Amino acid sequence: MQIAFATAFAAAGLACAATAQHPLYTFPGHAPTDQFGSALGRVGDANGDGFPDFVVGAPGDDGGALDGGAAFLQSGKDASQLAVRFGTQPNERVGYAVDGAGDVDGDGSADWIVGCGLSASGNAARVYSGATGALLHEWTGPAPLSYFGSSVAGCGDVDGDGFDDVIVGARHDDAQSLGVGSAIVYSGATGGVLLTLSGCMPGSGFGISVDGVGDVDADGVVDLGVLSRLGGPGCPAGGWAYSGRTGVALLAFPSTVPVTQGPRGISGAGDADSDGHADVVVGNAGSELCGGSMPGSARVCSGSNGGLMHDLKGEPGCTWFGFSVDEAGDVDGDGFDDVIVGAIGGNYADVKTIRYGDTIYRVSGSGPFFGYAVAGVGDLDLDGRIDFAVGERAGTATVFTGCGGDFSVWGGGCACTHHVPPRLWGWGCAETGETVYYTINKGFGGAPAFLLLGIGQGVLPLAGGCTLHIAPVVGVFPTGPLPGVGPAEGKFTYPFSVPTTAAGASATMQAFVYDPGVPQQYCASNGVKVTIQ
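Below or above, wherever it landed, is the structure these notes cover. (Residues numbered from 1 in each chain as written. Predicted model: local features only at pLDDT ≥ 70, side-chain atom pairs only at ≥ 80, totals over all residues. Heavy atoms only, no water.)

Let us look at the layout of surface pockets. Gaps left between atoms show up when a probe the size of a water molecule is rolled over them. Taken as a whole, the second largest pocket spans an internal volume of roughly 990 Å³. Looking at the second largest pocket, it is lined by 27 residues, and the ones nearest its centre are Asp311, Lys313, Thr439, Asn441 and Lys491. Secondary structure elements with two or more residues in the lining of the second largest pocket: strand E21 (308–313), strand E24 (348–353), strand E25 (359–364), strand E30 (423–428), strand E31 (435–445) and strand E36 (486–497). It is E36 that contributes the most residues to the lining of the second largest pocket, five residues altogether. Partitioning the lining of the second largest pocket into residue classes produces eight nonpolar, eight polar and 11 charged. Mapping the lining of the second largest pocket onto the domain boundaries places at least three of its residues in each of domain 1 (23–403) and domain 2 (407–532). (1 Å grid on protein atoms, 1.4 Å probe; cavity = no way out; pocket = protein on both sides within 12 Å on 5 of 7 lines; lining within 4 Å. Points joined across faces, edges and corners; volume = space filled by probe spheres on them. Helix = DSSP H or I, 4+ residues; strand = E, 2+ residues; numbered from the N terminus. Nonpolar A, V, L, I, M, F, W, Y, C, P; charged D, E, K, R; others polar. Domains from an automatic or database assignment.)

Dropping the structure here:
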């Protein structure tokens, strides 16, 4: 069966279809101007049915007042609407920001937080009971146009009283200086202020995005992530991590793009390197004006020292990759949490592994602005696969369920001119009738490469310390010159159609890249095995 599958796989060859990720639920808004899906958040089990639920924001909804906005609590079990809260004042913009709040009242049910901070009519954040829908807390901003509530997040139990707490951003707060911004942590138990964090320069937009990012300093308490939109000397734009226990600044994650382009979002990223410190992802979408060809990026940074772990890139062109980011959970089942990144200019969102920075899944929409909001929402259908949600600003939110099948990596590559071996990664839906992808990364840009297809694993020593990891070889697929220029800059993705008769079968793949700078004039990647469901 393995030989038959590999032969069929080889015959299927190059595919043109995009990744056919499975939509679990699709929620259309009432009208494009409602902006339904422009904010998303994982809530947890709000109604006690054993399924995690989630919240969707629609800040332009007119159900309670013109542009009063709305927030919808949706069931993860059957997609039914559990609760809705409408804005009652014109231009209140309820649902501009939404998230799960944790269990703030200690009743065992997950609660949810809604921000409405884009106007003088809003300027508020509210926490609602997941069990009853009752209003538990309401806070108003320091000034009418402080944009208080334009970002909200649950942040765990930072004061150790047994009740979860929340953080609210006010990116135009002028309390310290004009537009310096702030983020305020509130007690879930009492509603009182626990911590106030402030930006470090006028106009920085500190608080444009906030999150409970996990335990960055490994002290047993969830820490706080806050984004600063603009920066200057001694006050970099980018992400900041603060101690949830004391509010002391722990680390800065500076943006690498010009201040006029600025970062977009911040989120926890799990512990990518297993060092006991939670890591952080910061989205840098690129210019709002789309000048040049900056594709945007999402930077995964170490929670132990702030160093860059992965600089995740979007497709070439003005894709605004990094416009939205969130921790997705362990989507690929490798024991490490992954991240999801939206690219509204390209109308797609990628789930990326934080261990290697590779793509696991890509989902695309017809737009406009697909990827405006993203969220890891947990295993909604309890099928053992982590699900995730993607919103379009024009009025649709879609929950996607993880695909079946499995990719595994073994063996190492041999180093090229740049002393780093090329890396091969498999991704997509490893199911019959779907499309899987193999990406060669870190090859010699401009040089030819090819993929070898096999039906098993092997260990055959080659020249230059290289190893042939697959055996027997049943197919060869040339890629042509790798896009990119020079050492370590070559990258290429090769798609394959999975035969409809391949359920339960597996195949192996390895990449070889021409490299004139090494004696054997080639370097080899690791091996990748795909098992089809």
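If you trace the four strands from one edge of the open sheet to the other, you get E10-E11-E12-E13, paired in antiparallel fashion. Two strands in the sheet have a free side with no partner beyond their single neighbour: strand E10 (148–154) and strand E13 (193–198). Taken pair by pair, the neighbouring strands of this sheet meet at an average axis angle of 20 degrees, ignoring direction. The pairing of E10 with strand E11 (residues 166–170) spans five bridges and is antiparallel. Its bridge partner being in E11, Ser151 is matched across the sheet by Gly169. (Pairing = 2+ DSSP bridges. Axes fitted to C-alpha atoms, helices over the stretch in contact; angles between N-to-C directions.)

Turning to the sheet that holds strand E6 (residues 97–102), a few remarks are in order. Strand pairing in a sheet is mediated by backbone hydrogen bonds. Such pairs are either parallel or antiparallel. With respect to topology, four strands assemble into an open sheet ordered E6-E7-E8-E9, the strand pairing being antiparallel. Looking at which strands have only one partner, the edges of the open sheet turn out to be E6 and strand E9 (135–140). Across the sheet, the axes of successive neighbouring strands diverge by a mean angle of 20 degrees, strand direction being ignored. Pairing between strand E7 (residues 111–116) and strand E8 (residues 124–128): five bridges, direction antiparallel. Among the inter-strand pairings, Gly115 is bridged to a residue of E8, identified as Ala125.

Another point: the state of the cysteines. All told, the structure shown has four disulfides when counted by the stated rule. Covalent S-S linkage joins Cys414 and Cys466, the inter-sulfur distance amounting to 1.9 Å. Around the S-S axis, the bridge from Cys414 to Cys466 shows a dihedral of about 85 degrees and counts as right-handed. Separated by 52 residues along the polypeptide, Cys414 in the loop between strand E29 (406–410) and E30 and Cys466 in the loop between strand E33 (457–461) and strand E34 (467–470) bring together distant segments of the chain. Accessibility assignment for this pair places Cys414 and Cys466 in one class, buried. In this model Cys416 forms its disulfide with Cys523; the gap between the sulfur atoms is 1.7 Å. (Disulfide = S-S within 2.5 Å. Buried < 20%, exposed > 50% of the residue type's maximum accessible area, 1.4 Å probe, protein only.)

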